[in-house]
Amino acid sequence: MTENINQKSISAIRTLSVAQIEKANSGHPGICMGAAPMIYSLWKNFLRVNPKNPSYFNRDRFVLSAGHGSALLYTMLHLSGYELSIDDLKGFRQIGTKTPGHPERLDTKGVEVTTGPLGQGIANSVGLALAEKHMAALYNKENFPVIDHYTYCLCGDGDLMEGISYEAMSLAGHLKLSKLIVLYDSNDICLDGKLTTSFSDDVKKRVESAHWNYIKVEDGENVEAIAKAIEEAKSQNEKPSIIEIKTVIGYGSENEGTNKVHGAPLGADDFAKAKEAYGWKEDDFVVPEAVYEDFKSSLGDRGEKANKEWDDLVKSYSQAYPEDYASLINGIERKLDPDFFDKIKKYTASDKSLASRASSGQILQDLAKYDRNIWGGSADLFSSNKTDISGSPSFKDDPSGRNVWYGVREFAMAAIGNGIIAHGGSFHHISTFFVFVDYVKAALRLSALSNLPLTYVFTHDSVAVGEDGPTHQPIEQLAMIRSIPNTIDLRPADANEVRLAWKVALESKDSPTVIVLSRQNLDNLKETESLESIDKGAYIIKDSENPTPDGILIATGSEVALALKAADELKKLGEDVRVVSMPSMSLFRKQDKAYVDMIIPKDVKRKVSIEMASSFGWSEWTGDCGINIAIDRFGISGPGEKVAEKLGFTVENIVETYKKKYL
């Protein structure tokens with residue numbers, strides 16, 4: 001009977017997945033047919049989730065890194081009792097449904113992370129496992145394992161070809177993330193043809209060299225062998241595990257084992273032949289009650305029981321350790337104390353000039369002192385980014401440590417950070433040089449798409465980096481950041497704006513925040529001493545004497561000080577100008593028309609933007625008559641001050657440019 005229900009449920013998974021693809025006339029049937037037994041074995045026998053309460057915090061996390069197989073995941077969610085109906089499955093890949101083309105964490109309950117760009121799901125899984133290990137070390141007490149769960153990932157050959165998988169898996173092995181288990185759907189086929197055309201790695205040697213546990217299952221149809229392999233992986237307490245499971249892509253199709261079944265519907269005739277091969281007699285989208293009961297009596301009952309046990313455990317924990325409990329819940333709810341930022345140092349003009357990366361480092365120490373849920377990492381640049389939390393060990397030395405040494409793995413670092421934020425329970429930041437946002441961008445895009453409020457700290461923000469030259473001097477990067485929807489860009493002018501930039505980042509609930517910081521020292525501006533907020537993105541830092549200014553200088557970051565000095569010089573020429581600090585173009589763009597027009601009135605034609613970066617995007621604020629003092633070329637190797645001067649970032653050049661155009 002057990003064998004019969006196993007086969008019946010696997011056939012249901014295959015046919016229900018392919019039915020979605022056939023109805024939409026779009027999708028990827030091959031993985032749904034080939035990987036059905038492995039996902040069935042995992043979900044039925046091991047996965048600890050509660051479909052009636054998908055956000056139950058101590059649940060296991062499952063990531064479909066091979067996100068093109070979304071129909072397979074939707075089928076599993078439906079059969080397991082999540083809030084995903086047959087009608088939702090019939091809406092696969094249609095506008096406004098819960099079943100988009102690739103899994104989206106915002107659209108479908110039970111989807112932990114947005115996947116599809118291959119390799120990133122593996123890195124997200126590393127982040128989920130990293131967060132679990134950190135929180136367990138931080139909060140678990142004897143007899144109170146309040147954080148204790150596994151992260152499972154299903155990946156394919158394409159995931160393992162992506163460079164990010166090497167980066168992420170290397171770090172996972174180094175950090176001994178033993179509660180991370182990856183199921184590798186090894187079918188020897190890629191989109192264009194046989195895998196041998198582009199991939200011949202010895203995966204066993206590769207993963208073992210990265211300190212992973214390797215297990216192989218030769219028959220991907222053998223549910224018992226797959227279950228045994230997962231059991232073996234769960235017994236490992238020193239290494240993450242990968243289980244290579246040999247499968248036949250498009251199992252049951254007349255084109256099984258070929259790339260023809262990878263990314264196109266089977267067609268009615270072939271689908272009928274596949275159903276015949278499975279012995280499936282039900283109509284499309286019809287599932288026998290015995291299959292629903294199979295999932296309910298295993299995954300469903302197991303998850304409800306685990307959820308209740310955890311609720312009872314946490315209740316006892318709250319009584320035994322009230323302070324830890326309060327901190328844990330604050331982390332889960334991403335909540336800060338109401339007066340949190342009142343405790344964080346403010347700066348005066350008499351304070352020592354600091355690079356904004358340095359003032360950020362000082363502010364971070366205060367932030368971390370008052371909230372243990374703040375932790376972060378750097379791509380081998382802690383000493384330059386100033387993002388380490390002093391007095392705390394590295395995660396490698398102690399998983400409760402608040403400093404993750406990500407190594408030179410920028411892309412993986414960002415995608416792992418997404419996994420940490422998707423896990424929930426903490427505030428996490430990552431950091432590197434700003435020019436390397438190019439390596440990070442694909443993961444930053446998914447942060448924004450997924451509403452994940454990960455904080456990105458990028459230092460060495462302009463050509464003032466100097467001697468390292470054009471390869472390390474950002475030019476187009478600010479424009480790129482500002483072009484990504486749902487991303488908060490922040491380039492603070494001094495230490496007080498840095499303080500408020502961190503406030504924006506920590507208070508963000510559904511947007512990633514990019515804080516861009518200088519290498520060179522910046523004066524603490526007298527004009528920001530009483531500044532309470534930069535939430536609106538731009539403000540008048542120095543106004544004209546007359547109600548309507550003759551002109552407006554708009555600047556960001558280190559250039560705000562230049563603008564203030566230029567305004568003083570223009571005043572001597574009889575030109576009464578306003579200076580606007582615009583730390584965040586994206587936040588300013590969100591303000592209502594009345595506020596925007598108050599800060600930058602349309603009837604003032606003399607407008608100048610000043611920023612050591614590409615001019616792209618600035619005409620939105622300066623208009624047809626405006627001037628954009630910017631850099632639309634690559635940088636120069638040399639001392640930072642001289643490079644900035646050579647490229648026109650001096651008070652004299654700003655004043656002369658203004659005079660030449662307007663006076």
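If you're wondering where the values come from, they're calculated on a predicted model, not measured in any experiment. (Residues numbered from 1 in each chain as written. Predicted model: local features only at pLDDT ≥ 70, side-chain atom pairs only at ≥ 80, totals over all residues. Heavy atoms only, no water.)

## Section: the UniProt feature "domain: Transketolase-like pyrimidine-binding" (unreviewed entry) in the protein chain
For clarity, the cut-off: UniProt positions are given in the numbering used here, feature names are shortened, and annotations may be inferred rather than shown by experiment. Only DSSP runs of H or I reaching four residues or more are called helices, and only runs of E reaching two or more are called strands; each is numbered from the N terminus.
According to UniProt, the positions carrying the feature "domain: Transketolase-like pyrimidine-binding" (unreviewed entry) are residues 354-525. The annotated region residues 354-525 carries 38% helix and 18% strand content, and the separation between its end C-alpha atoms amounts to 11 Å.

## Focus: the pairing of strand E18 (residues 577-581)
Which entries qualify depends on this criterion: Throughout, exposure labels follow a simple rule: accessible area from a 1.4 Å probe, protein chains only, divided by the maximum for the residue type, with under 20% read as buried, over 50% as exposed, and the rest as partly exposed. The criterion for strand pairing is that DSSP finds at least two bridges linking the strands in question.
Counting buried positions along E18 gives 5 out of 5 residues, so the element sits mostly inside the fold. The two faces of E18 match: Val 577, Val 579 and Ser 581 on one face and Arg 578 and Val 580 on the other face are all buried. Bridge count between strand E16 (residues 539-542) and E18: 3 bridges; the pairing is antiparallel. Within E18, the residue paired with Lys 542 across the bridge is Val 579. The sheet contact formed by strand E17 (residues 551-555) and E18 spans 5 bridges and is parallel. Within E18, the residue paired with Leu 553 across the bridge is Val 579.

## Examining the environment of Ser 511
Let me state the cut-off plainly: Residue contacts follow a heavy-atom distance rule, with two residues in contact if any of their heavy atoms lie within 4.5 Å. Identification of polar contacts relies on pairs of N or O atoms within 3.5 Å, with a donor-acceptor requirement for protein atoms, meaning one able to donate a hydrogen and the other able to accept it, and with residues adjacent in sequence counted only if both atoms are side-chain atoms.
Structurally, the position occupied by Ser 511 is in the loop between helix H19 (495-507) and strand E14 (513-516). In this structure the C-alpha to C-alpha distance between Ser 511 and Val 560, which are 49 residues apart in sequence, comes to 26 Å. The contacts of Ser 511, once residues within four sequence positions are left out, are Leu 452, Pro 453, Asn 486 and Ile 488. A distance of 2.5 Å separates a polar atom in the side chain of Ser 511 from a polar atom in the side chain of Asn 486.

## What about the state of the cysteines?
Short version of the rule: Any two cysteine sulfur atoms within 2.5 Å of one another count as a disulfide.
Evaluated as defined, the whole model comprises 0 disulfides. Looking at the unpaired Cys 32, the closest cysteine sulfur is the one in Cys 155, lying at 16 Å.

## Quick look at the sheet that holds E17
Let me state the cut-off plainly: Axis definition: a line fitted to C-alpha atoms, limited for helices to the stretch in contact. Angles are taken between N-to-C directions and run from 0 to 180 degrees.
Within the open sheet, the 5 strands sit side by side as E16-E18-E17-E19-E20. Their pairing is mixed. Here the strands that pair on one side only, and so sit at the sheet edges, are E16 and strand E20 (627-629). Averaged over all neighbouring strand pairs, the angle between strand axes comes to 30 degrees, with direction disregarded. The sheet strands contacting helix H25 (residues 651-662) are E17, E18, strand E19 (607-610) and E20, and the helix crosses E20 at an angle near 160 degrees.

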